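Coordinate analysis (summary)
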Amino acid sequence: PTRLPALTRPGPARTWAGFALAALVLFALAPAVLSDFRLNLLAKFLCFAIVAVGIGLAWGRGGMLTLGQGVFFGLGAYLMAMHLKIADARLRGDTVPDFMQIAGIRELPGYWAPFASPLVTIAAILVLPALVAVLLGLGVFKRRVKGAYFAILSQALTAAFAILLIGQQSIG
């Protein structure tokens, strides 16, 4: 019997080849052929797909209804917004973002300064939500919280983070 090449048989090689092809299409071909509007729309869809995959893994594979998934997604988005606000202020020739000027802040707070760098921002987007997830996960799994209690706890976490962020609007 003749052996088929690895990419024609189902298995890990074929799966990774499919991911590589999809990445090539998304990152090389899409920016070249899509308008700015369509590319922005594709980026939004991919972000929401990441969230959907996370919920699917937690609920489908882990059996945990997580209502707090948005905390980690939102934390990454908040960090990116910090970078974009600083970049926008610099384009306008200001030292602080517009909302800080309205609040009377004339100097960028120390914890905002590192987010002027895109590399630090990307690293923070990857590390900080994961760190928060690990810390909360250790507490939840150590105490063996499960079922409806896990769903309630994750929803309470979302509310707590929202209150924390909204309460700190004047300083970002």
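Residue positions are counted from 1 within each chain, in the order its sequence is given. Note on the predicted model: pLDDT of at least 70 is required for a residue's local features to be given, and 80 or more for side-chain atom pairs to be given and counted; whole-chain, interface and lining totals, by contrast, use all residues. The side-chain numbers reported here are obtained from all heavy atoms of the structure, hydrogens and water having been left aside.

Concerning the overall build of the chain
A count of helices and strands for the chain gives six helices and zero strands. Based on the C-alpha atoms only, the size of the chain along its principal axes is roughly 80 × 50 × 25 Å. Looking at the chain as a whole, 19% of its 172 residues are labelled buried. Contact definition: two residues touch when any of their heavy atoms are within 4.5 Å. Across the chain, every contact between residues at least 6 apart in sequence was considered, and the portion connecting residues at least 24 apart equals 58%. Accessible surface, the chain: about 12300 Å² in total, of which carbon and sulfur atoms supply 73%. Think of it this way: Lys and Arg go in the positive column, Asp and Glu in the negative one, and His and the chain ends go nowhere. A charge is said to be at NZ when it belongs to Lys, at CZ for Arg, at CG for Asp and at CD for Glu. Across the chain, 14 positive and 5 negative side-chain charges occur, with their mean positions spaced 27 Å apart. Secondary structure elements are taken from DSSP: a helix is a run of H or I of four residues or more, a strand is a run of E of two residues or more, and numbering for both begins at the N terminus. Whether a residue is buried, partly exposed or exposed follows from its accessible area with a 1.4 Å probe, protein chains only, as a fraction of its type maximum: under 20%, in between, or over 50%, in that order. Areas reported as accessible are Shrake-Rupley estimates using a 1.4 Å probe. Residue values count occlusion only from the protein chains shown.

Some words on helix 5 (residues 118-142)
With 25 residues, helix 5 should cover 36 Å at 1.5 Å per step; its first-to-last C-alpha distance of 36 Å lies within 8% of that length. When the local axis directions of helix 5 are compared, the greatest deviation, roughly 30°, occurs at Ala 124. The complete set of buried residues in helix 5 reads Thr 121, Ala 124, Pro 129, Val 132, Gly 137 and Val 140. Looking at the packing, one finds that the buried side of helix 5 touches helix 3 (69-91) and helix 6 (148-167). Looking at the residues trailing helix 5, positive phi occurs at Arg 144, about 55°. The span you would expect from a helix comes to 1.5 Å times its residue count less one. Note on bend: at a given residue it equals the angle between the axes fitted to the 7 residues ending there and to the 7 starting there.

Quick look at the confidence of the model for the chain
pLDDT runs from 0 to 100 and stands for how confident the predictor is about each residue. With 92% of its residues at a pLDDT of at least 70, the chain reaches an overall mean of 83. The secondary structure element of the chain with the lowest average pLDDT is helix 4 (residues 98-102), at 80, and the one with the highest is helix 5, at 89.

Concerning the packing of helix 3 against helix 5
Axes here refer to lines fitted to C-alpha atoms; in helices the fit is confined to the stretch in contact. Angles between the N-to-C directions go from 0 to 180 degrees. Where helix 3 meets helix 5, the closest approach of the two axes is 9 Å, and the angle between their N-to-C directions is 155°. As summarised for this structure, helix 3 and helix 5 are arranged roughly antiparallel, according to the angle between their axes. Crossing of helix 3 over helix 5 shows right-handed handedness. Residue-level inspection shows Phe 72, Leu 75, Gly 76, Leu 79, Met 80 and His 83 of helix 3 in contact with helix 5, the latter providing Pro 118, Thr 121, Ala 124, Ile 125, Leu 128, Pro 129, Val 132, Ala 133 and Leu 136. Side-chain classes follow a simple rule in which Ala, Val, Leu, Ile, Met, Phe, Trp, Tyr, Cys and Pro form the nonpolar group, Asp, Glu, Lys and Arg form the charged group, and the remainder, Gly included, forms the polar group. Grouping the amino acids of the contact of helix 3 with helix 5 by side-chain chemistry returns twelve nonpolar, three polar and no charged. With respect to orientation, any angle under 35 degrees is reported as roughly parallel, any angle over 145 as roughly antiparallel, any angle of 65 to 115 as roughly perpendicular, and every other angle as oblique. Less than a right angle of anticlockwise turn of the near helix away from the far helix marks a crossing as left-handed, whereas a clockwise turn marks it as right-handed.

Quick notes on the packing of aromatic side chains
Whether two aromatic rings pair depends on their centres lying within 6.5 Å, for rings of Phe, Tyr and Trp, where Trp uses its six-membered ring; planes under 30 degrees apart make the pair stacked, over 60 edge-to-face, and the rest tilted. What the rule picks out here adds up to three aromatic pairs. Here the aromatic rings of Phe 48 and Phe 73 are separated by 6.2 Å at their centres, their planes lie at 40°, and the arrangement is tilted. Of this pair, Phe 48 sits in helix 2 (residues 36-61) while Phe 73 sits in helix 3, placing them 25 residues apart in sequence. On the accessibility criterion, Phe 48 (52% relative accessible area) is exposed. Ring centres of Phe 99 and Trp 112 lie 5.8 Å apart, and the angle between their planes is 55°; this geometry places the pair in the tilted category. Of this pair, Phe 99 sits in helix 4 while Trp 112 sits in the loop between helix 4 and helix 5, placing them 13 residues apart in sequence.

A short note on a nonpolar patch on the surface
Patch membership requires more than 30% relative accessible area and the absence of a salt bridge. Residues of like charge join within 9 Å; the nonpolar side chains Val, Leu, Ile, Met, Phe, Trp and Tyr join within 5 Å. Each salt bridge in this description consists of a side-chain nitrogen of Lys or Arg and a carboxyl oxygen of Asp or Glu lying within 4 Å of one another. A surface patch of nonpolar side chains, about 540 Å² in accessible area, is lined by Leu 21, Leu 24, Val 25, Leu 29, Val 33 and Leu 34. Along the chain, Val 33 falls in helix 1 (residues 12-33). The exposure class assigned to Val 33 is exposed, which follows from its relative accessible area of 59%.

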